[in-house]
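Here is what each chain is made of, one letter per residue.
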Amino acid sequence: MFVRDHPIEALALIAFFLLLSFPVHEFAHALAAYRLGDGTAKLFGRLTLNPIAHFDRIGGTMLVISILLTGFPFGFAQTPVNPRNLRGRYGETIVAAAGPLSNLLLAAIFALPLRLLLSNPDLSVANDEIVRILAFIVQGSIILGLFNLIPIPPLDGGTILLTLVSPRTAWQLRPILAQYGFFLLILLIIPLGGQSILGRFLFPIVDVIYGLLVG
């Protein structure tokens, strides 16, 4: 269990994702929607970085449990958006993509001090705990961003998919993905043969992006 082996890192990750990562993700959705003409999120008090406004009891609990057990963030929050108010053909696509992109941006920001510490052996040794925490934050942010881009509802990638295909295709896919999307995600996450299907495809990409950011 992750918390047993890394108690300080587990607490730091929970604080980071609940107090910064999730609020930034949902604020990015809300801000993009507001800029494109939809004030629904603002009406519900979600156009803010206040973590309390974005906290979801079920999604937040899932996040805490997943970090305690595995060290990787798996949870959710929700931002109300009315697609009919959005301007432009790809308004809904932009709003959906804003959240995952904000996680990747956070990964890049926190990679800067990590890169600095790793470039100096004396600094990295003297700040070993900080290095480990930053490494987990960068990796977790990349994972969260990429995971949300998977084209399966209720993830942001599912919304992106349905807005990019033709209206007829979206009409055909929407009820199928709405009914079975969650079960597909569970199937992708369940470990099979030591590693999940998702992990086999996702983690190599995470490693590449991590290497580019940290060096």
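Structural data are supplied above this passage.
This report concerns the structure included in the present document. Bear in mind the structure is a predicted one, so any value in this text is a computation, not a measurement.

### Digging into the layout of surface pockets
Turning to step 1, where the next piece is worked out: Within this model, the largest pocket holds a volume of roughly 880 Å³.
Turning to step 2, where the next piece is worked out: For the largest pocket, the lining is made up of 33 residues, of which Ala77, Gln78, Pro154, Leu155 and Asp156 are closest to its centre.
Turning to step 3, where the next piece is worked out: For the lining of the largest pocket, the secondary structure elements donating two or more residues are α2 (7–35), α6 (91–119), α8 (128–148), α9 (156–164) and α10 (167–189).
Turning to step 4, where the next piece is worked out: The biggest single contributor to the lining of the largest pocket is α10, with 5 residues.
Turning to step 5, where the next piece is worked out: Here the residues of the lining of the largest pocket sort into 20 nonpolar, 9 polar and 4 charged.
Turning to step 6, where the next piece is worked out: By volume, the second largest pocket is sized at about 420 Å³.
Turning to step 7, where the next piece is worked out: Thr70, Phe72, Ile189, Ser196 and Phe203 are the residues nearest the centre of the second largest pocket, which is lined by 16 residues in total.

### Here we look at the pattern of salt bridges
Turning to step 1, where the next piece is worked out: This structure, assessed with the given rule, holds 4 salt bridges.
Turning to step 2, where the next piece is worked out: Linking glutamate 9 and arginine 132 is a salt bridge whose minimum nitrogen-to-oxygen distance equals 2.6 Å. Taken together, the residues glutamate 9 in helix α2 and arginine 132 in helix α8 connect sequence positions 123 residues apart.
Turning to step 3, where the next piece is worked out: Residue glutamate 9 is classed as buried on the basis of its relative accessible area of 3%.
Turning to step 4, where the next piece is worked out: Each of Glu9, Asp128, Glu129 and Arg132 takes part in a single network of salt bridges with overlapping partners.

### Brief notes about α6
Turning to step 1, where the next piece is worked out: Between the first and last C-alpha of α6 there are 41 Å, a value that for 29 residues agrees with the 42 Å anticipated at 1.5 Å per step.
Turning to step 2, where the next piece is worked out: The largest bend along α6 reaches roughly 30° and is located at alanine 98, with the proline proline 100 sitting one to four residues downstream.

### Focus: the packing of aromatic side chains
Turning to step 1, where the next piece is worked out: All told, the structure shown has 6 aromatic pairs when counted by the stated rule.
Turning to step 2, where the next piece is worked out: Ring centres of phenylalanine 74 and phenylalanine 147 lie 5.6 Å apart, and the angle between their planes is 70°; this geometry places the pair in the edge-to-face category. With phenylalanine 74 in the loop between α5 (57–70) and α6 and phenylalanine 147 in helix α8, this residue pair connects regions lying 73 residues apart in the sequence.
Turning to step 3, where the next piece is worked out: Given the relative accessible area of 9%, phenylalanine 147 is considered buried.

### A word on the nonpolar core
Turning to step 1, where the next piece is worked out: Counting residues in each nonpolar core, the largest one holds 21 residues, and the members touching the most others are Leu114, Val138, Ile142 and Tyr210.
Turning to step 2, where the next piece is worked out: Secondary-structure elements contributing two or more residues to this core are α6, α8 and α11 (197–214).
Turning to step 3, where the next piece is worked out: No other element matches α8, which puts 8 residues into this core.
Turning to step 4, where the next piece is worked out: Ile67, Ile133, Phe136 and Leu144 belong to the second-largest nonpolar core, a separate cluster that totals 16 residues.

### Some details on the packing of α2 against α6
Turning to step 1, where the next piece is worked out: Running from N to C, α2 and α6 cross one another at 140°; their axes reach a closest spacing of 8 Å. Of the possible angle classes, the one that applies to α2 and α6 is oblique. Crossing of α2 over α6 shows right-handed handedness. Here Phe16, Leu20, Ser21, Val24, His25, Ala28, His29, Ala32 and Ala33 of α2 come into contact with α6, specifically with Ile94, Val95, Ala96, Ala98, Gly99, Pro100, Ser102, Asn103, Leu106 and Phe110.
Turning to step 2, where the next piece is worked out: The class makeup of the residues in the contact of α2 with α6 is 13 nonpolar, 6 polar and no charged.

### Quick word on empty space enclosed by the protein
The method is simple in principle: a probe with the dimensions of a water molecule rolls over the atoms, and the space it marks as empty is what remains.
Turning to step 1, where the next piece is worked out: Scanning all chains against the criterion turns up 1 cavity of 30 Å³ or more.
Turning to step 2, where the next piece is worked out: In this structure, the largest cavity encloses a volume near 50 Å³.
Turning to step 3, where the next piece is worked out: Around the largest cavity, the lining residues are Leu18, Phe22, Pro23, Pro51, His54, Phe55, Asp56, Gly59, Gly60, Phe76 and Ala77.
Turning to step 4, where the next piece is worked out: Of all the elements in the fold, those that place two or more residues in the lining of the largest cavity are α2, α4 (51–54) and α5.

About the cut-offs
- Residues numbered from 1 in each chain as written.
- Predicted model: local features only at pLDDT ≥ 70, side-chain atom pairs only at ≥ 80, totals over all residues.
- Heavy atoms only, no water.
- 1 Å grid on protein atoms, 1.4 Å probe; cavity = no way out; pocket = protein on both sides within 12 Å on 5 of 7 lines; lining within 4 Å.
- Points joined across faces, edges and corners; volume = space filled by probe spheres on them.
- Helix = DSSP H or I, 4+ residues; strand = E, 2+ residues; numbered from the N terminus.
- Nonpolar A, V, L, I, M, F, W, Y, C, P; charged D, E, K, R; others polar.
- Salt bridge = Lys/Arg side-chain N within 4 Å of Asp/Glu carboxyl O.
- Buried < 20%, exposed > 50% of the residue type's maximum accessible area, 1.4 Å probe, protein only.
- Expected span 1.5 Å × (residues − 1).
- Bend = angle between axes of the 7 residues up to and from the residue.
- Phe/Tyr/Trp six-rings, centres within 6.5 Å; stacked < 30°, edge-to-face > 60°.
- Core = buried A, V, L, I, M, F, W, Y, C linked by side-chain atoms within 4.5 Å.
- Axes fitted to C-alpha atoms, helices over the stretch in contact; angles between N-to-C directions.
- Parallel < 35°, antiparallel > 145°, perpendicular 65-115°, else oblique.
- Left-handed = near helix turned anticlockwise from the far one by under 90°.
- Contact = heavy atoms within 4.5 Å.

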